[in-house]
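The residues making up each chain are set out below.
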There are 2 protein chains.
Amino acid sequence: MTDYITLLKNNDLKATIQRTSILKSIDQAGHINIDEIYEDVREQHPTLSLATIYKNIILMQQNNIIIEVPMNGEKSKYELKKDDHIHLICQNCGKIQDAQLSPRTQETLIIENFTLRNAQINLYGYCQVCHTN
Amino acid sequence: MTDYITLLKNNDLKATIQRTSILKSIDQAGHINIDEIYEDVREQHPTLSLATIYKNIILMQQNNIIIEVPMNGEKSKYELKKDDHIHLICQNCGKIQDAQLSPRTQETLIIENFTLRNAQINLYGYCQVCHTN
DNA sequence: CTTCATGCAAATAATTTGCAGTAAG
DNA sequence: CTTACTGCAAATTATTTGCATGAAG
């Protein structure tokens, strides 16, 4: 269980209810977009505004607490910053699973004349449940 | 040189000036967003409207003529449909280069319990020019 | 000719901003 | 206490829609 308050303070951000709620929502969902966060946090904090979510999503990205996952044909989702990993996105049910970025894959991504800093890998296909149905 | 008219007709789309202009703009740029397409095509066709671009981008995506490339923190870009490839995105100058998706990389992406249909790989880092400066 | 595409203007959705009041440290 | 954060309303930007006119086949 991540300690959201510490996470914020380590980045010199005040630990407000709004911020910990947003982080909790992202953490629990795994991958979630702005509107879904809004719906989610409103259950506990009905006055929490969309503007606050927008402002904080930007701020937390800048502080590298959360990461944007841009999606094909829909709004970006956000996830807590974790070790490098790849996304398995089910084209049927929409579920996103995280998977390891294997050392073998990493090796194959070393490319001439390009200094790699960060690999963003999204695999689209069918998850086990949708595949077998 | 791709023949835009044939490309459109093969998909039962009328080959209008607007559509061929949009395709030409995308083709020449390699990767380009809606606003940039608009600026670009207006040079030759000042009456071509943004609404037409939006409508056609959607249509051409549905017909698999063009592909959306969602970007971190900015509007999606579009490219002509090509064989699978990966993107090398320079975090300094923003340039996007295409690179081969090597057979070795492909092999390493075979993952248990997931039926892969399409791999979207964006590598962020520094291109040769920006790296050496 | 017939059908479908375009361009415009209006509608809607998404995101950002400014600022007075409020809470964190 | 002081500074930074929030919520609201307004502003801005992005995208979609309806419809009369025009062009493609």
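Structure's up top.
Not measured: the values here are computed from a predicted model.

Caption draft 1: How the structure looks around the overall build of chain A. A tally of regular secondary structure across chain A gives six helices and six strands. The linear arrangement of helices and strands in chain A, starting from the amino end, is α-α-β-α-α-β-β-β-β-α-β-α. Taken over the C-alpha atoms alone, chain A extends approximately 45 × 40 × 30 Å along its principal axes. Per-residue burial over chain A gives 41% buried out of 133 residues. Pairs at least 24 apart in sequence give 46% of the contacts found in chain A among residues at least 6 apart. Accessible surface, chain A: about 7600 Å² in total, of which carbon and sulfur atoms supply 47%. Distance between charge centroids for chain A: 6 Å, based on 13 positive and 16 negative side chains.

Caption draft 2: View of the interface of chain A and chain B. On the chain B side, the residues contacting the 34 residues of chain A number 34 residues. Between chain A and chain B lies a buried interface of about 3100 Å² when both sides are counted; carbon and sulfur atoms form 53% of it. Summed over the shared surface of chain A and chain B, the result is one salt bridge. Close ionic contact of E107(A) with R104(B) constitutes a salt bridge, the shortest N to O distance being 4.0 Å. Counting the contacts that link chain A with chain B gives 18 residue pairs in polar contact (both at pLDDT 80 or more). Every element with two or more residues in the side of chain A that touches chain B is listed here: β2 (66-71), β4 (85-90), α5 (103-108), β6 (114-127) and α6 (128-131) of chain A. The element best represented in the side of chain A that touches chain B is β6(A), accounting for 14 residues. Classifying every residue of the side of chain A that touches chain B by side-chain character gives 16 nonpolar, 14 polar and four charged. One ladder, built from 13 bridges, connects β6(A) with strand β6 (residues 114-127) of chain B; its direction is antiparallel. Paired with L116(A) across the two strands is G125(B), which belongs to β6(B).

Caption draft 3: Looking closely at the protein's contact with DNA strand D. Around DNA strand D, a shell composed of 19 residues is seen, among which T16(A), Q18(A), T52(A), K55(A) and Y54(B) lie nearest. The separation between a phosphate oxygen of DNA strand D and a polar side-chain atom of T52(A) is 2.8 Å. When residues of the surface near DNA strand D are traced back to their parent elements, those giving at least two are α2 (17-29) and α4 (50-62) of chain A together with α4 (50-62) of chain B. Along the lines of polarity and charge, the residues of the surface near DNA strand D split into six nonpolar, six polar and seven charged.

Procedures and definitions
- Residues numbered from 1 in each chain as written.
- Chains lettered and ligands numbered in written order.
- Predicted model: local features only at pLDDT ≥ 70, side-chain atom pairs only at ≥ 80, totals over all residues.
- Heavy atoms only, no water.
- Helix = DSSP H or I, 4+ residues; strand = E, 2+ residues; numbered from the N terminus.
- Buried < 20%, exposed > 50% of the residue type's maximum accessible area, 1.4 Å probe, protein only.
- Contact = heavy atoms within 4.5 Å.
- Areas by Shrake-Rupley, 256 points an atom, 1.4 Å probe, with all protein chains shown as cover.
- Lys, Arg positive; Asp, Glu negative; His and termini not counted.
- Charge placed at Lys NZ, Arg CZ, Asp CG, Glu CD.
- Buried area = accessible area lost by both parts, 1.4 Å probe.
- Salt bridge = Lys/Arg side-chain N within 4 Å of Asp/Glu carboxyl O.
- Polar contact = N/O pair within 3.5 Å; in protein donor to acceptor, adjacent residues only side chain to side chain.
- Nonpolar A, V, L, I, M, F, W, Y, C, P; charged D, E, K, R; others polar.
- Pairing = 2+ DSSP bridges.
- Near = heavy atom within 4 Å.

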